[in-house]
Amino acid sequence: MCDGNGLTLNKCLPRHSPDPEHGPRVTPITSAAAVRSGGCRPVPIPSHGSLGGHMTRISVKVDGTTYEDEVEPRLLLIHYLRDRLGLTGTPIGCDTSNCGACTVDLDGETVKSCSVLAVQADSGEVTTVQGLARDGEWHPLQKAFHERHALQCGYCTPGMIMAARDLLRENPAPDPQEVREALEGNLCRCTGYQNIVRAVLAASGQEATT
Ligand code: FES
Ligand code: FES
C-alpha cells in the first residue's frame, strides 16, 4: 500500500479491484504463513514509477537470466513472467491473491506474484518453479511431489513447491503441523493435502507418520 509519501507498496495481497489513480488497495495479511506466502514487507516503488500509463524501464534477473524491459507501471509481476517472458510454469489461479498458485521467490522471500508489480522487481532476482532444477536434476521438492503423488491436476503445485521451499529454508525439519501452517496460503482443490504434506516431509528427509 502506498505509505502516504508514494514511495512504498505493500507486498500484501490486493483484495479489491485496482483503483485507477492509486493502484491496488491492500488488506494486510498477518499470519506467519500468509506472510511467508504473500509477504507484507513494504517494497520500494522506483521514484520514477507511478501507477499511470507511461512505460518504466526495469532490469530483473529471472531464473538466472537478466532481462531489461520497458513495462507499464501497473503491470503485475505474474503477467510479466507469463506474458512477456513466456514463463508459464507459474500459473494464475485466482487473480485475487487468495490461492497461492502464482507464488514465486523475490529476493529471498516468497510473494504471490499477482500481488506484486513488475516494477517492484526492478534490480531484483526472481526465482520461479522453472528455475529450481539444477543440471537436469529436479529440486528435491519437485522429486518428492512426483514420487509421493502430491498432485492431481497440478495447478497448485508450482505455488506449493515454492512455499514449501521457503519453509524448508527456515525450518529444515518441520513437523506435519508446521508444514500445514506454512502452506495455509496455498489452496489445493484436488488432493486433500495429505500427500502434499507427506512430500514436503520426504523432501526434508523425514517420513510421514500420518
Ligand atoms: S493467482 Fe495469485 S494468489 Fe491466486
Ligand atoms: S492438484 Fe489440483 S489444485 Fe492442487
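Definitions and cut-offs
- The residue count restarts for each chain, going from 1 along the sequence in the order it is written.
- Chains and ligands are labelled sequentially in the order written, the chains with letters from A and the ligands with numbers from 1.
- Where local features are concerned, this predicted model is filtered to residues with pLDDT of at least 70; where side-chain atom pairs are given and counted, the filter is 80 or more; whole-chain, interface and lining totals use all residues.
- One confidence number per residue, pLDDT, is output by the predictor and ranges from 0 to 100.
- We call two residues in contact when their backbone-placed C-beta atoms lie within 7 Å.
- Only the contacting stretch of a helix is used when fitting its axis, a line to C-alpha atoms as for every element, and angles between N-to-C directions run 0 to 180 degrees.
- Strands are runs of DSSP state E lasting at least 2 residues, helices are runs of H or I lasting at least 4, and numbering of each runs from the N terminus.
- For this classification, under 35 degrees means roughly parallel, over 145 means roughly antiparallel, 65 to 115 means roughly perpendicular, and everything else is oblique.
- By definition, turning the near helix anticlockwise from the far helix through less than a right angle yields a left-handed crossing, and turning it clockwise yields a right-handed one.
- The residue classification treats Ala, Val, Leu, Ile, Met, Phe, Trp, Tyr, Cys and Pro as nonpolar and Asp, Glu, Lys and Arg as charged. All others, Gly included, are polar.
- By definition, a nonpolar core groups buried Ala, Val, Leu, Ile, Met, Phe, Trp, Tyr and Cys residues that connect through C-beta atoms lying within 7 Å of each other.
- Counting other C-beta atoms within 10 Å of its own, a residue is labelled buried from 20 upward, exposed at 12 or fewer, and partly exposed in the gap between, with every C-beta atom placed from the backbone.
- As annotated, the domain borders come from an automatic or database domain assignment.

K.L.:
Please clarify how the confidence of the model for the chain should be interpreted in this entry.
P.N.:
Caution is warranted with low-pLDDT regions, since their predicted coordinates should not be read in detail. Overall, the predicted model of the chain reaches an average pLDDT of 82, with 73% of residues at or above 70. Every residue in residues 1-42 scores below 50 in pLDDT, and together they form 93 contacts with partners more than four places removed in sequence or on other chains.

K.L.:
Can you help me understand the packing of helix α3 (residues 140-147) against helix α4 (residues 157-170) in this one?
P.N.:
The description of two packed helices rests on the angle between their axes and on the distance between the axes. Packing of α3 against α4 brings their axes to within 10 Å, and their N-to-C directions diverge by 130°. Classified by the interaxial angle, the pair formed by α3 and α4 is oblique. In terms of crossing hand, the pair formed by α3 and α4 is right-handed. Residues Leu141, Gln142 and Phe145 of α3 form the contact with α4, whose own contacting residues are Thr157, Ile161, Ala164 and Arg165. Each residue belonging to the contact of α3 with α4 can be placed in one class, and the counts come to 4 nonpolar, 2 polar and 1 charged.

K.L.:
I tried to follow the nonpolar core on my own but got confused; where do I start?
P.N.:
Soluble globular proteins tend to bury their nonpolar side chains together. Core analysis: the biggest nonpolar cluster contains 46 residues, and Leu77 and Ala118 have the highest contact counts within it. Looking at this core, the elements with two or more residues in it are β3 (56-62), α2 (77-84), β5 (103-106), α3, α4, α5 (176-182) and α6 (194-203). The dominant element in this core, judged by the number of residues it contributes, is α6, at 7 residues. Residue assignment places this core across two domains, with domain 1 (8-131) and domain 2 (140-203) each supplying three or more. In this view, Ala118 contacts Ile58, Val71, Leu75, Leu76, Leu77 and Tyr80; residues no more than four positions away in its chain are not counted.

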